[in-house]
Amino acid sequence: MIRIGVLGPVGSGKTTLIEFLTEYLVRKEGLSVGIITNDVVSSHDALRIYQNLVLKQRLIPKENVIGIVTGGCPHTAIREDPSTNLRALETLMKRTSLDVVFIESGGDNVMSTFSPLLADYTIFVLDTAAGDKYPGKGGLGIQESDLLVINKIDLAPFVGADLEKMKKDAEKIRKDKPTVFVSLKTGDGLDDLIKIIRSELELEGLIRS
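Every chain begins its residue count from 1, and numbering advances along the sequence as written. pLDDT decides what is reported in this predicted model: residues at 70 or higher carry local features, side-chain atom pairs at 80 or more are listed and counted, and totals for whole chains, interfaces and linings draw on all residues regardless. Side-chain numbers come from the whole structure's heavy atoms, not from hydrogens or water.

Engineer: Which residues make up the overall build of the protein chain, and what are the values?
Structural biologist: For the purposes of this entry, the term helix denotes a DSSP run of H or I that reaches at least four residues, the term strand denotes a run of E that reaches at least two, and both are numbered from the N terminus. Along the backbone of the protein chain there are eight helices and seven strands. The quantity called the radius of gyration is restricted to C-alpha atoms. Its globule counterpart is 2.2 Å times the number of residues to the power 0.38. The C-alpha atoms of the protein chain give a radius of gyration of 16 Å, which matches the 17 Å a tight globule of 209 residues would have. Taken over the C-alpha atoms alone, the protein chain extends approximately 45 × 40 × 30 Å along its principal axes. The burial tally for the protein chain puts 50% of its 209 residues in the buried class. Each residue's exposure class comes from its accessible area (1.4 Å probe, protein chains only) as a fraction of the maximum for that residue type: buried when under 20%, exposed when over 50%, partly exposed otherwise.

Engineer: Describe the side chain of Glu-104, and please don't skip the residues or the numbers.
Structural biologist: Topologically, Glu-104 is positioned in strand 4 (residues 100-104). One buried charged side chain, Glu-104, makes no salt bridge at all; its nearest oppositely charged neighbour is Lys-14, positioned 4.7 Å away. Only 2.8 Å separates the side chain of Glu-104 from the side chain of Thr-15, close enough to count as a polar contact. None of His or the chain ends enter the tally, which takes Lys and Arg as positive and Asp and Glu as negative. We define a salt bridge as a side-chain nitrogen of Lys or Arg found within 4 Å of a carboxyl oxygen belonging to Asp or Glu. By the criterion applied in these results, polar contacts are pairs of N or O atoms within 3.5 Å in which, for protein atoms, one can donate a hydrogen and the other can accept it, and in which residues neighboring in sequence qualify only through two side-chain atoms.

Engineer: Quick one: what's the story with the UniProt feature "binding site: GTP" (unreviewed entry) in the protein chain, residue by residue and with numbers?
Structural biologist: Under the feature "binding site: GTP" (unreviewed entry), the UniProt entry names Gly-8, Pro-9, Val-10, Gly-11, Ser-12, Gly-13, Lys-14 and Thr-15. With respect to the element layout, Ser-12 can be found in the loop between strand 1 (2-7) and helix 1 (14-27). Take Ser-12: its relative accessible area is 0%, and that puts it in the buried class. With residues near it in sequence (within four places) discarded, Ser-12 still touches Val-125, Leu-126, Asp-127, Asn-151 and Lys-152. One can find Thr-15 in helix 1. Judged by relative accessible area, which is 6%, Thr-15 ranks as buried. The contact rule is simple, with two residues in contact once any of their heavy atoms fall within 4.5 Å. When near neighbours in sequence (up to four residues on either side) are disregarded, Thr-15 contacts Asp-45, Arg-48, Ile-49 and Glu-104. UniProt positions are given in the numbering used here, feature names are shortened, and annotations may be inferred rather than shown by experiment.

Engineer: Can you explain the pattern of salt bridges? Please cite residues and give values.
Structural biologist: If the charged atoms of two oppositely charged side chains come close together, the side chains can form a pair. Applying the stated criterion across every chain yields a total of eight salt bridges. The closest approach of N and O atoms between Arg-79 and Glu-80, which form a salt bridge, is 2.9 Å. A relative accessible area of 48% places Glu-80 in the partly exposed class. For Lys-165, the salt bridge goes to Asp-169, with nearest N and O atoms at 2.9 Å. Here the residue Lys-165 and the residue Asp-169 both occupy positions in helix 7 (residues 163-174), the gap between them amounting to four residues, near one helical turn. Where salt bridges share partners, they join Glu-29, Arg-198 and Glu-202 into one cluster.

Engineer: Explain the sheet that holds strand 3 (residues 65-69) to me, using residue names and the numbers behind them.
Structural biologist: Strand order across the open sheet formed by seven strands is 3-2-4-1-5-6-7, with parallel pairing between neighbours. Every interior strand has two partners, whereas the edge strands, strand 3 and strand 7 (179-181), have only one. Direction aside, the axes of adjacent strands within the sheet are offset by 20° on average. Following DSSP output, two strands are said to pair if at least two bridges run between them. Relative to strand 7, strand 6 (residues 147-151) is paired through three bridges, and the arrangement is parallel. Bridge pairing links Leu-148 to Thr-179 in strand 7. Axis lines are fitted to C-alpha atoms, over the contacting stretch for helices. Their N-to-C directions set the angle, which ranges from 0 to 180 degrees. Sitting on the sheet, helix 2 (residues 44-56) touches strand 2 (33-39), strand 3 and strand 4, and the angle it makes with strand 2 is about 150°.

Have a look at this one:
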């Protein structure tokens with residue numbers, strides 16, 4: 001089993017990314033997926049996932065989704081004190097055999113990271129609607145995540161975001177770590193995203209090349 005942590009600012013597309021990857025992994029790769037969401041004040045994301053993936057598409061059983069209301073600083077629950085998430089993970093593992101567990105952080109800033117006790121692989125999600133400055137500003141989340149996903153590239157022309165600048169800044173900050181530019185709405189760049197995720201799952205022995 002691999003535990004994939006997904007983090008990034010509010011509204012960047014974390015939940016949508018998890019829904020897309022879950023549909024791909026279940027339908028195309030035949031894997032079993034569990035999902036844990038974190039939010040400061042509500043279980044909104046877990047409810048959305050339940051409605052979309054459990055009720056509408058019937059991709060995963062309801063017991064494979066757990067929503068955590070942290071009631072405090074988002075990154076504390078995934079880094080400084082991940083005990084609540086670790087208990088949720090243990091609960092999921094007792095319920096069923098899982099290949100992949102997505103753990104979604106509450107929306108946070110570029111300094112947020114996952115404790116290695118909680119996540120084996122991390123994805124940081126940015127979006128162009130916030131402008132093109134963030135890759136260049138760096139921050140632990142952007143620098144240390146295994147994969148940087150820059151979402152909503154379809155909106156870049158409307159908000160004056162320079163994708164080439166974002167690409168160069170990401171390459172400089174992240175060295176040899178991968179960055180993908182996607183639109184989860186239009187589908188642009190998703191083949192590149194899937195290729196990277198498949199490569200990681202192959203290394204884990206969960207799928208064959």
